[in-house]
Protein chains: 2
Amino acid sequence: MVRKIAERGDAIPALAEIFREHGFAGASLSEITKRTGLGKGSLYHFFPNGKEEMAQAVLDDVAGWFETNVFMPLRESEDPAAGIDQMFKAVIRFFHSGRRVCLVGTFALDDTRDRFASEIQSYFAVWTRVLAAALKRRGFDTRAARETAEDVVAGIQGALVLARAHDDSALFTRAMKRLHQRTKGVHRDRP
Amino acid sequence: MVRKIAERGDAIPALAEIFREHGFAGASLSEITKRTGLGKGSLYHFFPNGKEEMAQAVLDDVAGWFETNVFMPLRESEDPAAGIDQMFKAVIRFFHSGRRVCLVGTFALDDTRDRFASEIQSYFAVWTRVLAAALKRRGFDTRAARETAEDVVAGIQGALVLARAHDDSALFTRAMKRLHQRTKGVHRDRP
DNA sequence: CAGATTGTGTACCGTTCGGTACAGATCCTA
DNA sequence: TAGGATCTGTACCGAACGGTACACAATCTG
């Protein structure tokens, strides 16, 4: 009757999706048991601190994914342009071309932020910092690199909001293309 | 014992703030009664359909504010640059320099969007459209106007996310300055 | 195979949830 | 000042909430 198959990590993708869809407050235990396939017993065995610990685990998982697939390429690519290319590829893949929302952004907007302030803060801070460094290596001066990095990270978050508001993933990919272009230096709005 | 002072509209600013802070799911009736000062009786007298109707009223109110303070200036200013100036002034004021979150953006991100899909969609659609028209009048060609408008609206939403993540309103005002600059035409990232 | 460790289902806890019912207070109109 | 319309506090509802307790099953270790 009992399945011993489950590991803690197996639940995390489902948990992530639930928090993305409903936010922290809206993610109910009943939905969590349903979608993870884990009963309350297992859930509280793996996450003794309940929902908060589940969300924490998801945030860690996201941070790890970004570290590997976004930050590391930005830091370690010999050619900074290649690192930035990889960043955009990874972002488009991770957010399912705008059909998937940013969990950290969602948490940042409501009072959930207070529970996970440092994780949320560092997610964006690290992203902005490593992107700015890559832009600098690419020839941007310090100030322009920092500003452009901020604009790009904000632009991605904003594009996710708009894409979801319009239920239009093409909007997202178009926005990514333009942001990518901006990382290449002088940019004209009026051709 | 009973105060007859209350009008439906009096509750809306408090309701808006509550939904901004907690999202739709997280906004509990107990907090709503506390912060509006209205008992359940009054609340359900003014909003027979409960929370959903309260949120609807708040969305209408926001739409009205933007119509007056953002969209109308963009549409009707003789000088489109002046209209855009007014837009940024209004946005900075409305969002309290980034200390206040966008209610519509918050709703857009989680499953609350499904309840208010058309209101959310049209908020962003109208904004983008009237801004693009102003940019066109300012000399942008059709395509650049549309793209820049999309980038600016997304940029504002993203800046709100980042400002709140970092609890840093200066980040928001800086971002607004740069977005404003972009509405003035050719733009350089690498000076 | 014994015994600890790990994982799981179920019943249950008190609390809070959104929402309803309704008597009565207050206000508006005439 | 009468009487209807509008507003409000309170008591209450069933359901769902997050979380706990615990017996027991599966697995791992020796």
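Here is a short report on the structure shown in this document. Being a predicted model, the structure only gives us computed values, none of them experimental. (Residues numbered from 1 in each chain as written. Chains lettered and ligands numbered in written order. Predicted model: local features only at pLDDT ≥ 70, side-chain atom pairs only at ≥ 80, totals over all residues. Heavy atoms only, no water.)

### Points about the interface of chain A and chain B
Consideration 1: Contacts between the two partners involve 52 residues from chain A and, on the opposite side, 52 residues from chain B.
Consideration 2: Between chain A and chain B, a total of about 4,600 Å² is buried, with carbon and sulfur atoms accounting for 53% of that surface.
Consideration 3: Applying the counting rule to chain A against chain B returns eight salt bridges.
Consideration 4: With a closest N to O distance of 3.0 Å, Glu 150 of chain A and Arg 174 of chain B form a salt bridge.
Consideration 5: For the pair chain A and chain B, the interface holds 18 residue pairs in polar contact (both at pLDDT 80 or more).
Consideration 6: Elements with a minimum of two residues in the side of chain A that touches chain B: helix 1 (8-26), helix 6 (103-109), helix 7 (112-115), helix 8 (117-137), helix 9 (142-166) and helix 10 (169-182) of chain A.
Consideration 7: Here the element with the most residues in the side of chain A that touches chain B is helix 9 of chain A; it accounts for 16 residues.
Consideration 8: Grouping the amino acids of the side of chain A that touches chain B by side-chain chemistry returns 18 nonpolar, 13 polar and 21 charged. (Contact = heavy atoms within 4.5 Å. Buried area = accessible area lost by both parts, 1.4 Å probe. Salt bridge = Lys/Arg side-chain N within 4 Å of Asp/Glu carboxyl O. Polar contact = N/O pair within 3.5 Å; in protein donor to acceptor, adjacent residues only side chain to side chain. Helix = DSSP H or I, 4+ residues; strand = E, 2+ residues; numbered from the N terminus. Nonpolar A, V, L, I, M, F, W, Y, C, P; charged D, E, K, R; others polar.)

### Regarding the state of the cysteines
Consideration 1: Taken as a whole, this structure holds zero disulfides over all chains when the rule is applied.
Consideration 2: Lacking any disulfide linkage, Cys 102 of chain A is separated from the closest cysteine sulfur, that of Cys 102 of chain B, by 17 Å.
Consideration 3: Its relative accessible area of 4% is what places Cys 102 of chain A among the buried residues. (Disulfide = S-S within 2.5 Å. Buried < 20%, exposed > 50% of the residue type's maximum accessible area, 1.4 Å probe, protein only.)

### Some words on the environment of Asp 79 of chain B
All names here are of chain B.
Consideration 1: Looking at the secondary structure, you find Asp 79 in the loop between helix 4 (50-76) and helix 5 (80-94).
Consideration 2: What makes Asp 79 partly exposed here is its relative accessible area of 41%.
Consideration 3: Linking Asp 79 and Asn 49, residues 30 residues apart in sequence, is a C-alpha distance of 44 Å.
Consideration 4: A distance of 3.0 Å separates the side chain of Asp 79 from the backbone nitrogen of Ala 81, its partner in a polar contact.

### Focus on helix 5 (residues 80-94) of chain A
Residue and element names in this part refer to chain A.
Consideration 1: With 15 residues, helix 5 should reach 21 Å at 1.5 Å per residue; the first-to-last C-alpha distance of 21 Å fits that figure.
Consideration 2: Among the residues of helix 5, those classed as buried are Pro 80, Ala 81, Gly 83, Ile 84, Met 87, Phe 88, Ala 90, Val 91 and Phe 94.
Consideration 3: Those residues of helix 5 that are buried are in contact with helix 1, helix 4 (51-76), helix 8, helix 9 and helix 10.
Consideration 4: Capping the start of helix 5, Asp 79 holds a side-chain oxygen 3.0 Å from the backbone nitrogen of Ala 81, two or three residues further along. (Expected span 1.5 Å × (residues − 1).)

### Here we look at empty space enclosed by the protein
Consideration 1: On inspection of all chains with the given rule, the structure shows four cavities of 30 Å³ or more.
Consideration 2: As a volume, the largest cavity reaches approximately 160 Å³.
Consideration 3: Among the residues forming the lining of the largest cavity, the class breakdown is nine nonpolar, two polar and six charged.
Consideration 4: Here the second largest cavity is characterised by a volume of approximately 100 Å³. (1 Å grid on protein atoms, 1.4 Å probe; cavity = no way out; pocket = protein on both sides within 12 Å on 5 of 7 lines; lining within 4 Å. Points joined across faces, edges and corners; volume = space filled by probe spheres on them.)

### Quick notes on the side chain of Arg 178 of chain A
Consideration 1: The topology assignment puts Arg 178 of chain A in helix 10.
Consideration 2: Classification of Arg 178 of chain A by relative accessible area gives buried; the value is 11%.
Consideration 3: In contact with Arg 178 of chain A, other than residues within four places in its own chain, are Glu 147, Glu 150 and Asp 151 of chain B.

### Overview of the pattern of salt bridges
Consideration 1: As enumerated under the stated definition, the model contains 32 salt bridges over all chains in all.
Consideration 2: Between Arg 20 of chain B and Glu 17 of chain B there is a salt bridge, with the nearest N and O atoms lying 3.5 Å from each other. Of this pair, Arg 20 of chain B and Glu 17 of chain B are both found in helix 1 (residues 8-26), three residues apart, which corresponds to roughly one turn of the helix.
Consideration 3: For the salt bridge of Arg 75 of chain B with Glu 67 of chain B, the shortest nitrogen-to-oxygen distance reads 2.2 Å.
Consideration 4: Residues joined in a network through salt bridges with shared partners are Arg 146, Glu 150, Asp 151 and Arg 182 of chain A together with Asp 168, Arg 174 and Arg 178 of chain B.

### Considering the environment of Ala 82 of chain A
Residues and elements named next belong to chain A.
Consideration 1: Looking at where Ala 82 falls in the secondary structure, it is placed in helix 5.
Consideration 2: For Ala 82, a relative accessible area of 31% puts it in the partly exposed group.
Consideration 3: In this structure the C-alpha to C-alpha distance between Ala 82 and Glu 17, which are 65 residues apart in sequence, comes to 30 Å.

### Observations regarding unusual backbone geometry
Residues and elements named next belong to chain A.
Consideration 1: Located in the positive-phi region is Asp 167, a residue other than glycine, with phi close to 50 degrees.
Consideration 2: Positionally, Asp 167 belongs in the loop between helix 9 and helix 10.
Consideration 3: With a relative accessible area of 62%, Asp 167 lands in the exposed category.

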